[in-house]
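Results of the structural survey
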Amino acid sequence: MDGEHATASGRTGPQRSHREVADELRHRIRTGRLRPGERMPTQARLADEFGVERGAVRRALRILQSEHLLTNMSKGSPAIVAPDPARALTGPAAPPLPTTVALAPRIAAAFAASHVEIDALCLTSISLTLAIGEPLRQIHAGRLKPAKVDVRVLLPSRDIDLAFPTPVDATAAAPLQRRWLAQRNAQGQVLRHNLLALRSTHGIDVRVTFRALPFTPPVKLYLLNGAEALYAYYTLRRRKEEIDHEPLELYDAEGTQSVLFAFGQGAGARDTTFVEQSHLWFNALWETISSELTLTS
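Reading guide: rules and limits
- Residues numbered from 1 in each chain as written.
- Predicted model: local features only at pLDDT ≥ 70, side-chain atom pairs only at ≥ 80, totals over all residues.
- Heavy atoms only, no water.
- Salt bridge = Lys/Arg side-chain N within 4 Å of Asp/Glu carboxyl O.
- Buried < 20%, exposed > 50% of the residue type's maximum accessible area, 1.4 Å probe, protein only.
- Helix = DSSP H or I, 4+ residues; strand = E, 2+ residues; numbered from the N terminus.
- Core = buried A, V, L, I, M, F, W, Y, C linked by side-chain atoms within 4.5 Å.
- Contact = heavy atoms within 4.5 Å.
- Pairing = 2+ DSSP bridges.
- Axes fitted to C-alpha atoms, helices over the stretch in contact; angles between N-to-C directions.
- Expected span 1.5 Å × (residues − 1).
- Phe/Tyr/Trp six-rings, centres within 6.5 Å; stacked < 30°, edge-to-face > 60°.
- Lys NZ or Arg CZ within 6 Å of the ring centre and 35° of its normal.

1. Quick notes on the pattern of salt bridges
A complete count under the given rule lists 16 salt bridges for this structure. In this structure, R33 and E24 form a salt bridge, with 3.7 Å as the shortest nitrogen-oxygen distance. E24 sits in the buried class, given a relative accessible area of 11%. Of the charged contacts, one joins R239 and D252 as a salt bridge, the two residues approaching to 2.8 Å between their closest N and O atoms. Remark: D252 occurs in strand β13 (residues 246–253) and R239 occurs in strand β12 (residues 236–243); sequence separation between them is 13 residues. Look at the salt bridges and you will find they share partners, linking E24, R28, R33, E49 and R143 into a network.

What follows is the structure, given as structure tokens:
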């Protein structure tokens, strides 16, 4: 939130957003300042500390609850830090979560490494671009400082007929293809710009590379630091949408809501093999049938 705002306690100053409050509380949990099983401060106390309204605190706490970092949230008493926050999103008992919930904290955790390596196969990179915002905020706040970042992204080629999104009436494919291409290029450009900016702002060695696939991927895959594979299916649905001011029936997938399954290196023979085979599969696509991708219309 920009500008000067009076807070509930009467102080003035640049007011933090609920995401910044969530970032700080998440950092305290992961560094042990807020210990597993410990009761959180009251919302009133947190609002006073951060200089925000209680509504911002509640929204921040809900984010941490969605990440399984907090438990026992109720109106009557403060929440409690999860018994094992480090495994909250990736432990064997943790349920799979939508990409928008599960990806950001895993990307942020990956950025704690000195050399960050992220490989992604997806339809438009929207989820990845959104998730990268989390570690970027922490880097700018001085809580993360990787020395090197390598990101490789595989996206569908502009030269293919997409399997989806696709209109129910095949004769109306051109406008939908143009919109997808614009989204693919825009998201990729934002992702690349935000990451490369770290070179000048923080002296981080950054490399971002895109390549084009000759097919529409039926799944999305994220590989983090060679140690974790996150995998989700694109599940198609028939729906109506307005394209170029005209109603259109189409088949499409909500990628940000795709349920993400996590597999960790060393979490067992099956998980380890899945991570290793996912890397082999990604590298094979990258080195064989993919081609140079230019993020232009």
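2. Side note on the nonpolar core
With 44 residues, the main nonpolar core has I107, F111, I118, L128, I132 and L195 as its most contacted residues. At the level of secondary structure, the elements contributing two or more residues to this core comprise α4 (99–110), β6 (115–121), α5 (126–140), β7 (148–156), α6 (173–202), β9 (205–213), β10 (219–224) and β11 (228–233). Look past the residues within four positions of I107 in its chain and what remains in contact with it is I118, L128, A131, I132, P135 and L224. If you look at the next biggest cluster of nonpolar residues, it comprises 20 residues, including A22, L46, F50 and L70.

3. As for the sheet that holds strand β8 (residues 166–167)
Taken in spatial order, the 3 strands of this open sheet run β8-β13-β12, and their pairing is antiparallel. Either end of the sheet is taken by a strand with one partner, and the two such strands are β8 and β12. Relative to β12, α6 is tilted by about 95 degrees, and along the sheet it contacts β8, β12 and β13.

4. Some remarks on α4
For the α-helix, the turn length of 3.6 residues means that residues three or four positions removed from each other point alike. Over its 12 residues, α4 extends 16 Å from the first C-alpha to the last, a length consistent with the 16 Å expected when each residue adds 1.5 Å. Here α4 lies mainly inside the structure; 9 of its 12 residues are buried. Residues of α4 that are buried include every one of T99, A102, L103, A104, P105, R106, I107, A108 and A110, and no others.

5. Observations concerning the sheet that holds β6
Strand order in the open sheet formed by 8 strands is β5-β14-β11-β10-β6-β7-β9-β15, with mixed pairing between adjacent strands. A strand with exactly one partner marks an edge of an open sheet, and here the two such strands are β5 (97–98) and β15 (291–292). In this sheet, β10 lies alongside β6 in antiparallel orientation, the contact comprising 4 bridges. Its bridge partner lying in β10, I118 is registered against L224.

6. Details of the packing of aromatic side chains
In the structure shown here, the tally under the stated rule is 5 aromatic pairs. Ring centres of F282 and W286 lie 5.9 Å apart, and the angle between their planes is 20 degrees; on these two criteria the pair is classed as stacked. A residue pair is termed a helical-turn pair when its members lie 3 or 4 positions apart in one helix, as F282 and W286 do in helix α7 (residues 269–287) at 4 residues. W286 matches F282 in its accessibility class, with the two residues each being buried. An aromatic cluster of three or more residues is present, and its members are Y231, Y233, F263 and F274. Above the plane of the ring of W286 lies R152, whose end atom (NZ or CZ) is 5.0 Å from the centre.

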